[in-house]
Every structure is written in C-alpha cells, then in structure tokens.
Amino acid sequence: MSKPNIKSIKSRKLMPASTNPHYVLVKRGLALGYRKNASDGTWSFRRFVNGRYQYHVPNGVADDESDANGETVLSYPQAVAAAIKWDEQQQRVDTGEVTSNAHIVKDAIEQYLTDKEREKRKSLYRDRVTAKAHIIPELGNIQLKKLTHTRLKAWRDGLASAKPRKRTKNSREQAFRANSSHSDAESMRRRQASTNRVLTLLKAALNHSKTELRWIATDAAWKDIRAYKSVDVGKTRFLSIEEVKKFIAGCENAAFAKLVKGALYTGARYGEITGVRVEHFNATDRNVFIEKSKNGEARHVYLNADAVQFFKSITEDRKPTDYIFVKADGKRWQQSEQKRLMDDAIDKSKVEAVTFHTLRHSFASLARMNGMPLDVLQQQLGHKDLRMTMRYAHIGKSHQQEQVERYAPTFDFTPRVIEGNKNVNTESHSNAHTITM
C-alpha cells in the first residue's frame, strides 16, 4: 500500500479518518504529522531528542475545507514552516538559551497523551476529544509558568456552570442543548461530575509535565484545585422493554438498528460490539467473543436463544473475518459515529436521555430483574470488581415493589374482618413469608 501524500489537499481528502497522525520527515529529527478527522484534518509536529519524541499541536486546522490564512488554517508549506520554527525554539530550550517555561498547557496535554498511548498501546481518542473541547480553548495557550490557582479554579467553576454541549461540525460555532436547565440538583450533579473527569485529565497532564518532562518546577497552581464531592453516583438510566421497542422503531438507519440490537443482546460497549467479527460468534457454544475490552482483557459473552437466532440471521453466508456490525456502506463503525444516529433515534422515538451506554445499562438492569446472579452478570459485562456490576444492576421501582410484596415478612398486625365464618386480614399476602408473633 502506497503512503498517503499529505502535501496534497486532494490526497488528504481521500484518506480515511484516523486517530493516529501520518508523519513525513521535514528534516533530520523533525517530522510533520497529519491526522484526518471527520471534516478538517489537523497538523502535529514531532521531534526526536535525547532518546524520546517531543510533540506539539499548532493552532489551526489543515486547509482541507477552508482557504489557508497562516493562522487558524494552515497549508502544508505553512505547517512545515511552523514546525521548523517550533523545532528551532525547542533547540534553544535544549541548549539553555531560553528556559523551558516557553512550554504551554497544550504542549503538556499532547505530550502526556502521546506518552500514555505508547504505554497503554492504544489510542486515547476520548481523552483527546475531551481536551480539545474543554481544556485547550481556554487554557491551551497559557505558558505553564503563568498558570495560577485562581485562573484554574475559575476555569473549573466555569466548566461546571456551562450548558451541555451539542455535537457541532468543526466549521460551525459550538452549539449547546436548548433544554439544559441547571435549576435542578441532578442537572448540576451531572455537570460537576463531568467537570471532575476533565479536571482529572488536566491535572494528570500537568503532573506529567512536572515529574516526567521537567517543564515546570512546581505544582502549586493546580495541586489544591479540588474535584467536586459526592457527584459521581447519579440516577442510572435504563430502558424498559416498551422503551426498547419504541427506540428500535425510531432507528431509521437499518445498519444502526442492527448495532443497537447487538448491544442490547450482549451488554457490550460500543468499542467492543463494533469490533466483533463473524468468526467471533459461536452458535454451538452460544456466545460471542469480545477480543479486546475496555480493561484490555478478552471475554466470552453468552447468549440466550433469542440472541443466538439474531446473530445467526445477520452472519449467515458472510466471511469469517467480516465485522458483524457495519455501516450502510459496508465499512466498520468508527469512534463516535453512533452519536448522531442516537440523537436521530431519540427525536423519532421520543424516548429521551438515551446514549449508547444506556443500552449496556439496560441489558444489565433487565437481566438482573429477570434473576441473573450478580457473579454471572459480572462476567457478562467484563467487570473486574463486583461493585461496578452492582452499580449497573439497579432495579426498577415497580420490580422492587413486586419483590417486596412477595418476600417481605407479614406480622399480622392489621385488624381482622369477618367474611362468612372466616377471620382474614384486610390485605392478602399469599406469596409472602409469614412470621407469627
């Protein structure tokens, strides 16, 4: 396979979207990288010094969709020039001519994520998206030496009070959800919990810049920036059988409807279910093999008769190496490509507050309500800690009431009435365990 030509706009447009940049050598020890996104691509710089790579992502995108202006949109020659200028600046840092205080927050995040990806041997796509959306716009260009506790606290509080973001094309101004009211405690809890996750990423990157890169001598600016307390456990959203049927009916994209059904039958995460191949389905043993999970371990997800029939119907006469769930064009589902279709299905079905992860919640909760033991559910979901499984296995109020009616003790404290020649309680507890006192 020939290497992509990142110098040409036409060639870049033909490249598939990827989480990893393709690098070309600018000069010895310096390379320019290009990463194709859903629309505009982005440039990155990489230099090799003292046995390790240093990375930097410049301001602006590639000129794939817009004319280059040298600032917010960079052509290939402009990106090369910016890479050389950055390399020269870093050489001055290496020789001590200037201090490493020239490094900015964006540098710290990029270097941290790159090092972690190398360590974990996988892409940290979600962390990159999070940083791009919530950290870099406001803090990215601040020099590490100029960070202050006051500045970071203001950023944290502002993030917690901001309206929830809505998926928006790169070429358009960021949109926000119209119904994002913060008048209720649950809405505020969600925003604070989200802020905590972003704060954790930022502090990890800054600590990495201090301890590993030696780009800054003190952590005084961020050490005492605390996460919000008691916000991590909220209401667990899962779909009832009726809501599942309505939501499926709202999935007008047939390929997406199959993907949703696959997730509901298995409880698998988006990244897991989209990676399942035909050869991973074993009709005889009635299971699906998850080759790579979130925690890096493989597992088998066992199927009931209904699920086996579903998987048979969509894998018949297909190649063993084919991905079971593919888009309408036959290509594999990529990261985050489900979100727009989830939103469309919500609009059509009127089933609110559904994410792809809600399907996993639904499998767990419905299975638990049907009596699946927690240890079995733990294996199905691939949790190392049973406490995590218990968080997924919340049961509905109506089911809880039914179980209380069936199993709670009866003490015979209620007044009796006469029916014919029998003394009976005013309420019947035929299914309850009775304790005579």
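Predicted model, so just to flag it, every value in this text is computed and none were measured. (Residues numbered from 1 in each chain as written. Predicted model: local features only at pLDDT ≥ 70, side-chain atom pairs only at ≥ 80, totals over all residues. Heavy atoms only, no water.)

A. Broad picture of the packing of helix α6 (residues 149-161) against helix α7 (residues 185-211). Running from N to C, α6 and α7 cross one another at 140°; their axes reach a closest spacing of 8 Å. When the interaxial angle is binned, α6 and α7 end up oblique. The crossing of α6 and α7 is right-handed. Contacts between α6 and α7 involve L152, W155, R156, L159 and A160 from the first element and M188, R191, Q192, T195, V198, L199 and L202 from the second. For the contact of α6 with α7, a count of residues per class yields eight nonpolar, two polar and two charged. (Axes fitted to C-alpha atoms, helices over the stretch in contact; angles between N-to-C directions. Helix = DSSP H or I, 4+ residues; strand = E, 2+ residues; numbered from the N terminus. Parallel < 35°, antiparallel > 145°, perpendicular 65-115°, else oblique. Left-handed = near helix turned anticlockwise from the far one by under 90°. Contact = heavy atoms within 4.5 Å. Nonpolar A, V, L, I, M, F, W, Y, C, P; charged D, E, K, R; others polar.)

B. Examining the packing of aromatic side chains more closely. A complete count under the given rule lists 13 aromatic pairs for this structure. Taking NZ or CZ as reference, R46 lies 4.1 Å from the ring centre of Y23, over its face. When the ring centre of Y323 is taken as origin, the NZ or CZ atom of R277, which lies over that ring, is 4.2 Å away. (Phe/Tyr/Trp six-rings, centres within 6.5 Å; stacked < 30°, edge-to-face > 60°. Lys NZ or Arg CZ within 6 Å of the ring centre and 35° of its normal.)

C. Expanded view of the sheet that holds strand β10 (residues 287-290). Read across the open sheet, the three strands follow the order β9-β10-β11; overall the sheet is antiparallel. If you trace the sheet from one side to the other, it starts and ends with β9 (281-282) and β11 (299-302), each paired once. Note: β10 against β11, four bridges, orientation antiparallel. Residue V288 lies in a different strand from β11, and its bridge partner there is V301. (Pairing = 2+ DSSP bridges.)

D. Summary view of the pattern of salt bridges. On inspection of all chains with the given rule, the structure shows 18 salt bridges. The network of salt bridges with shared partners includes R12, D63 and D64. (Salt bridge = Lys/Arg side-chain N within 4 Å of Asp/Glu carboxyl O.)

E. Structural detail: the nonpolar core. Grouped together as the largest cluster of nonpolar side chains are 38 residues, with contacts concentrated most on F247 and F325. When residues of this core are traced back to their parent elements, those giving at least two are α8 (241-249), α9 (254-266), α10 (270-273), β10, α11 (305-315), α12 (339-349) and α13 (356-369). It is α9 that provides the largest number of residues to this core, a total of seven residues. Leaving out residues up to four positions away in the same chain, F247 has contacts with V260, M342, A345, I346, S349, V351 and V354. (Core = buried A, V, L, I, M, F, W, Y, C linked by side-chain atoms within 4.5 Å. Buried < 20%, exposed > 50% of the residue type's maximum accessible area, 1.4 Å probe, protein only.)

F. Layout of the environment of L74. Following the sequence through the fold, L74 ends up in strand β6 (residues 73-74). For the pair L74 and A62, spaced twelve residues apart in the sequence, the C-alpha separation amounts to 5.1 Å.

G. Seen up close, unusual backbone geometry. Phi at R286 is positive, roughly 60°, even though this residue is not glycine. The topology assignment puts R286 in the loop between β9 and β10. On the basis of relative accessible area, R286 is assigned to the partly exposed category, the value being 37%. Even without a glycine there, the phi angle at K350 is positive, about 65°. With relative accessibility at 61%, the residue K350 sits in the exposed group.

H. Local environment of α6. Counted at 1.5 Å a residue, the expected span for α6 with its 13 residues is 18 Å, and the 18 Å between its end C-alpha atoms agrees. Restricting attention to buried positions, one finds in α6 the residues L152, W155, R156, L159 and A160. Looking straight down α6, one finds that the buried residues subtend no more than 130° of arc, so they occupy a single side. Buried residues in α6 make contact with α4 (125-134), α5 (136-139) and α7. (Expected span 1.5 Å × (residues − 1). Arc of directions from axis to C-beta.)

I. Spatial organisation of the pairing of strand β2 (residues 30-35). For β2, the tally of buried residues reaches six of six residues, placing the bulk of the element in the interior. Of the two faces of β2, the one lined by L30, L32 and Y34 and the one lined by A31, G33 and R35 are each fully buried. Note that strand β1 (residues 22-27) and β2 share five bridges and pair antiparallel. Bridge pairing links H22 to Y34 in β2. Hairpin connection of β1 to β2: two residues between the antiparallel strands, including G29 at a positive phi of 85°. Relative to strand β3 (residues 42-49), β2 runs antiparallel, the two sharing six bridges. The partner of G33 across the bridge, within β3, is S44.

Limitation: the analysis is restricted to geometry and does not speak to function.
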